[in-house]
Amino acid sequence: MVASDRKYTKDHEWVLAEGESATVGVTEYAAHELGDVVFLELPEVGTVVAQGEAVGTIETVKSVEDLFSPVGGEIIAVNEAVLDAPETVNQDPLEAGWLFKVRIEDRSEMDDLLSADDYDALIGG
Amino acid sequence: MTTHDDTPLRSTPLTAWHRDHGARMVPFAGFEMPVQYRGVLAEHAAVRERVGLFDITHMGEILAAGPGVEAWLDGLCTNRVSGLPDGKVVYTAMCRPDGGVLDDMLIYRLGREDWMIVCNASNHDKIAAWVAGRAAGVAGVALDDASDRTAMIAVQGPEAAALTGRLAALRGSADALDALEFYTAFALPRPGGRWIVSRTGYTGERGYELYVPNADALPLWEELLALGGDLGVEPIGLAARDTLRFEPAYCLYGHELSEDWTPLEAGIGWAVRLKDRDFVGREALQRQKDAGPPRRLVGLEVAAPDAAGRDRPAPIARQGAPVFCGDAPAGFVTSGTKSPTLGRSLALALVDAGCDTSRLTVEIRDRRHPVRVVPYPFLEARVKGDPRAAR
């Protein structure tokens, strides 16, 4: 069962809304499927992004995948620590391995996201 | 599993075992092969620190027998194979007349008139046809493509000798195994057909490659796993095989080697012997050597220093990434990865021989990154002398 305190995307990202800020990371499922993360490109703080926009990349020994912003708004923080230690994404994807925070522009966009139950079903949990 | 063109993928005697043991299976050179089990980094470390097993049955084995093989085969190989003592193994390329590389391979002289050509799976059909064509009408050369009936298991790592020595089939051959030097091999008669025990590998570690009849592969694999529990043995997928070969900068066909450039450009000039011999491609290679190869293989490190000049994790420059010298195109990356042992983003690249390597950049996802030229092998192969020698 996936963590029930947050919402999910079909791109295997999680979104934890706290007030007007949404913290974004990749799911445990994604961290496992991707394999060892070796490099991340994250958006610049201050960038304004649209819902679903590609904002960065996550690179493993095997492949490079896009990171998307699950909601639109201004990037208000990025996790500098994971840039120096990308393996954190594999070790602790839900907490220390968070990637960036967005100031939510339109709260209704949160309704487009998957519930924990829906995401669990998506990954066959 | 099928490939995109719906040709059924071929299996090995171990395919079912791989699936049953959690391997992620991928199509590779027409075979369904395990790309990883526990994870690339864990498997890579297992081979560097302990011992790993590889199913490399997809490799091609072509036997050549007869009194004419020695001279005939020498005429196809860039490296000298005539005059080899029995039991010796040689790394070579075979080239087209224009010097383009058809494949790189190992040549075994198992006996006076008993030879084996071990080629890449991806080039097996091409090489089988090439040698058959070249053998037509040549007296004293009988070819026998044994690929479909031969399985191949590699045992690689610091504990490879200890593990291989425990095999029941090798109990009577302890002296032969101990005496086996790097790039030598011996044949072992077995009830189901001979085994070939070869001290070779593609990891930079001490190790062995075992050629056995298909029916012996699964029992051998399971015996190695059972005997090596205390040594920390584990199966290794193709992904780690690639990172393991990359660190000592062993060429991989389709990456560093191609029909579109020569072995001299690819940095395996040491396997091209031009003096006092003739072989397909010799004239072209001699001309290129005299003029100076137009391109050369260089080692690169992608640099990502922060404002304080401290290196941060850098993106990987993958195969095909364009390399620039100043603003001018200078070549392309042939292989690149984050070296699991060294923790650095390293690449091999084929660049114009004349370019100023202090001004190189590599383009990754539309962005130019500065690179440093670094010598390769990135990691010295641990294959000669004391296998536990410090790195």
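Just so it is clear, the structure is predicted and the values come from calculations on it, not from any experiment.

(A) Seen up close, helix 9 (residues 282–291) of chain B. Residue and element names in this part refer to chain B. For helix 9, the set of buried residues is Arg 282, Ala 284, Leu 285 and Gln 288. For helix 9, the angular spread of the buried residues around the axis is 160°, confining them to a single face. When the buried face of helix 9 is taken as reference, the exposed residues oriented beyond 90 degrees from it are Glu 283, Arg 287, Asp 290 and Ala 291. In the stretch just after helix 9, Gly 292 is the one whose phi turns positive, near 95°.

(B) Quick look at the packing of aromatic side chains. One pass over the full model with this rule turns up nine aromatic pairs over all chains. Ring geometry for A:Tyr8 against A:Tyr119: centres 4.7 Å apart, planes inclined by 5°, an arrangement best described as stacked. Here A:Tyr8 is found in strand 1 (residues 7–8), whereas its partner A:Tyr119 is found in helix 4 (residues 116–122), with 111 residues between them in sequence. For A:Tyr8, a relative accessible area of 1% puts it in the buried group. The class for A:Tyr119 is buried, based on a relative accessible area of 0%. Ring geometry for B:Phe182 versus B:Tyr183: centroids 4.8 Å apart, planes at 65°, classification edge-to-face. Take B:Phe182: its relative accessible area is 25%, and that puts it in the partly exposed class.

(C) Inspection of helix 8 (residues 238–246) of chain B at higher detail. Residue and element names in this part refer to chain B. Most of helix 8 sits inside the fold, with eight of its nine residues counted as buried. If you check which residues of helix 8 are buried, you get Leu 238, Ala 239, Ala 240, Arg 241, Thr 243, Leu 244, Arg 245 and Phe 246. Residues of helix 8 that are buried make contact with strand 1 (24–28), strand 2 (31–36), helix 2 (40–49), strand 3 (52–55), strand 16 (328–338) and strand 17 (345–352).

(D) Inspection of the nonpolar core at higher detail. Core analysis: the largest hydrophobic core is formed by 53 residues, its most contacted members being B:Tyr91, B:Tyr108, B:Met116, B:Val118 and B:Leu257. Of all the secondary structure elements, the ones that give two or more residues to this core are strand 4 (37–41) of chain A together with helix 2, strand 5 (88–95), strand 6 (101–111), strand 7 (114–119), strand 9 (150–156), helix 8 and strand 17 of chain B. In this structure, this core is formed jointly by two domains, domain 1 (15–57 + 148–246) and domain 2 (294–374) of chain B, each of which donates at least three residues. Excluding residues within four positions of it along the chain, B:Met116 makes contact with B:Glu61, B:Ile62, B:Leu63, B:Leu106, B:Ile107, B:Tyr108, B:Leu110, B:Ile196 and B:Tyr211. Core analysis: the second largest hydrophobic core is formed by 30 residues, B:Tyr37, B:Ile153, B:Phe186 and B:Val212 among them.

(E) Structural detail: the pattern of salt bridges. All chains considered together, the criterion is met by 35 salt bridges over all chains. A salt bridge links A:Asp84 to B:Arg310, with the nearest nitrogen and oxygen atoms 3.9 Å apart. Taken together, the positions of A:Asp84 in helix 2 (residues 80–84) and B:Arg310 in the loop between strand 14 (295–302) and strand 15 (322–325) put the pair across two chains. B:Lys126 is the salt-bridge partner of B:Glu259, the closest N and O atoms lying 2.8 Å from each other. Within this pair, whereas B:Glu259 is found in the loop between helix 8 and helix 9, its partner B:Lys126 is found in helix 4 (residues 124–135), the two being separated by 133 residues in sequence. Look at B:Lys126 and you get partly exposed, because its relative accessible area is 26%. When salt bridges that share partners are traced, they join A:Glu41, A:Glu59, B:Arg318, B:Arg365 and B:Arg367 into one network.

Rules of the game
- Residues numbered from 1 in each chain as written.
- Chains lettered and ligands numbered in written order.
- Predicted model: local features only at pLDDT ≥ 70, side-chain atom pairs only at ≥ 80, totals over all residues.
- Heavy atoms only, no water.
- Buried < 20%, exposed > 50% of the residue type's maximum accessible area, 1.4 Å probe, protein only.
- Helix = DSSP H or I, 4+ residues; strand = E, 2+ residues; numbered from the N terminus.
- Arc of directions from axis to C-beta.
- Phe/Tyr/Trp six-rings, centres within 6.5 Å; stacked < 30°, edge-to-face > 60°.
- Contact = heavy atoms within 4.5 Å.
- Core = buried A, V, L, I, M, F, W, Y, C linked by side-chain atoms within 4.5 Å.
- Domains from an automatic or database assignment.
- Salt bridge = Lys/Arg side-chain N within 4 Å of Asp/Glu carboxyl O.

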